[in-house]
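# Chains, contacts and geometry: an overview
As a plain string of letters, each chain reads:
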Amino acid sequence: MGCRYAGIDWASEKHDVLVADETGAEVVAATFAHDEKGLSSLCRTLVRLEVGLVAIERPDGLLVERLLDAGLRVLALHPNKVAAARDRFRVSGGKSDRFDAFVLCELARTDHHRFRVLEPDSDRTKAIRALTRAREDLVAVRTGIVNQLRAELERFWPGPLTLFSHMDAEILLAFLERYPSPADARGLGVARMQAFLERERYSGGQHPTALMAKLRSAPRARIGERELAARRRLVLSYVAMVRTLNAQIKDLEREIRAQVRAHPDGRIFLSLFKSPASVITAAELLAEIGDCRERYPDRDALAADAGQAAVAQESGKWKTAGFRRACNKRLRVAFCRLADSSRHWHPWAHTLYTQARQRGHEHPRAIRTVGRAWCRIVWQCWRNHTPYNPAQHR
């Protein structure tokens, strides 16, 4: 029996599967439900048919984990690659789940040498990835609620917006909890403001008199009692939500710190940063790069996946380099943070950034220039299991 290939068009409720032999002849075409019975049957079928490669349009998730756990080799193909390949097999423009499974199967059969087999990470790395991505999602939710709180205050009481630097700062949340509307702040004076600042351990450097002047100089809305009561209730609701999210984010960050420091590769990524407290970006780098050394065979592969390498475009005498959009967005953000922070304290990073700016590059492109240099260094340290040494790695 020759090698067999499978394509899986996944969905939330069912998965269409097509298995073909090395000549392209169909062996099995079936649909499996997305439940325990269906997933177990799908994996057993692929193992029984001795499928050598399984192509699917996602790199993670419950289905992919089950395929890997069954000992199957998985090709995680980008949806753009599958969409571009459809026209190879039909001219009518039609599309169906079964047809997508066929396209995936054919790509696994004829073009598998062009793609990398999905290499699973360790359980520790997967745990850090889950924590960092959950934190990112909570931060995004908090940003949305903070924007709603800001918009609400601008509608009827913009004064508190001028007092403190950050909308999610605990001192501003405490102020709004105590004074959620202009009516609640009628008795607020310099003495009470000073007592509030002392109670909240304010360190912003502004005198209570200056803060009260800002508050009193803000424009005042003309609204009725019922609307004022409704908006006051909304402010309290938003404040409570932001405070809850702040607590949850802090708990996640505490767990991330513990997990990164206990991880075998943790010391490699923590060594990239000047401050020992810079753990979150180090954790994001570790989570997205992973601990499977076969994933990135060379430094250019890491730079491309991190979005730090430009995309070359050439036609005749015309040549240019464009922004790489198809990449791991989370990994790109993490490398850009590393590059942006290092240019302030690292001599070679500062020199690279300055030279890029002098060539006329804007700030984002100059940061990616530094980020690509960091990709080379990170790949070398990661590949050799050695922490970053400024005297050795440049």
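Above this text is the structure in question.
Residues numbered from 1 in each chain as written. Predicted model: local features only at pLDDT ≥ 70, side-chain atom pairs only at ≥ 80, totals over all residues. Heavy atoms only, no water.

This part takes up the state of the cysteines. By definition, a disulfide links the sulfur atoms of two cysteine residues through a covalent bond. Overall, the coordinates contain zero disulfides when judged by the stated rule. The thiol of Cys3 is not disulfide-bonded; the next cysteine sulfur, from Cys105, is found 10 Å away. Cys327 supplies the cysteine sulfur nearest to Cys336, a cysteine that is in no disulfide, at a spacing of 8.9 Å. Residue classification places Cys336 among the partly exposed positions, given a relative accessible area of 21%. (Disulfide = S-S within 2.5 Å. Buried < 20%, exposed > 50% of the residue type's maximum accessible area, 1.4 Å probe, protein only.)

Before going further, it helps to examine the side chain of Arg90. Tracing the sequence through the fold places Arg90 in the loop between helix H3 (79–85) and helix H4 (97–110). Polar contacts involving the side chain of Arg90 include one to the side chain of Asp87, which spans 2.5 Å. (Helix = DSSP H or I, 4+ residues; strand = E, 2+ residues; numbered from the N terminus. Polar contact = N/O pair within 3.5 Å; in protein donor to acceptor, adjacent residues only side chain to side chain.)

Right, let's get into the pairing of strand E3 (residues 26–33). Two faces make up the sheet, and in a regular strand the side chains alternate between them. In this structure, strand E2 (residues 14–20) lies alongside E3, joined through seven bridges in antiparallel fashion. Within the sheet, the bridge partner assigned to Ala20 lies in E3 and is Glu26. With antiparallel pairing between neighbouring strands as the criterion, E2 and E3 make up a hairpin whose turn holds five residues, including Gly24 at a positive phi of roughly 95°. (Pairing = 2+ DSSP bridges.)

Considering all chains together, one arrives at 30 salt bridges under this definition. Its salt-bridge partner being Asp87, residue Arg90 comes within 2.5 Å of it at the nearest N-O pair. For Asp87, a relative accessible area of 55% translates into the label exposed. Between Arg109 and Glu106 there is a salt bridge, and its shortest N-O distance comes to 2.8 Å. Within this pair, Arg109 and its partner Glu106 are both found in helix H4, separated by three residues, close to a single helical turn. (Salt bridge = Lys/Arg side-chain N within 4 Å of Asp/Glu carboxyl O.)

So, about helix H15 (residues 363–384). Owing to its 3.6 residues per turn, the α-helix brings residues three or four apart onto one side. Taking 1.5 Å per residue, 22 residues should reach 32 Å; H15 reaches 32 Å between its end C-alpha atoms and fits that length. For H15, every residue scored as buried is listed here: Ala366, Ile367, Val370, Gly371, Ala373, Trp374, Cys375, Ile377, Val378, Trp379, Cys381 and Trp382. Residues of H15 that are buried in the fold lie against helix H10 (266–270), helix H11 (280–289), helix H12 (299–305), helix H13 (329–342) and helix H14 (347–358). Immediately downstream of H15, the backbone of His385 shows phi near 60°, a positive value. (Expected span 1.5 Å × (residues − 1). Contact = heavy atoms within 4.5 Å.)

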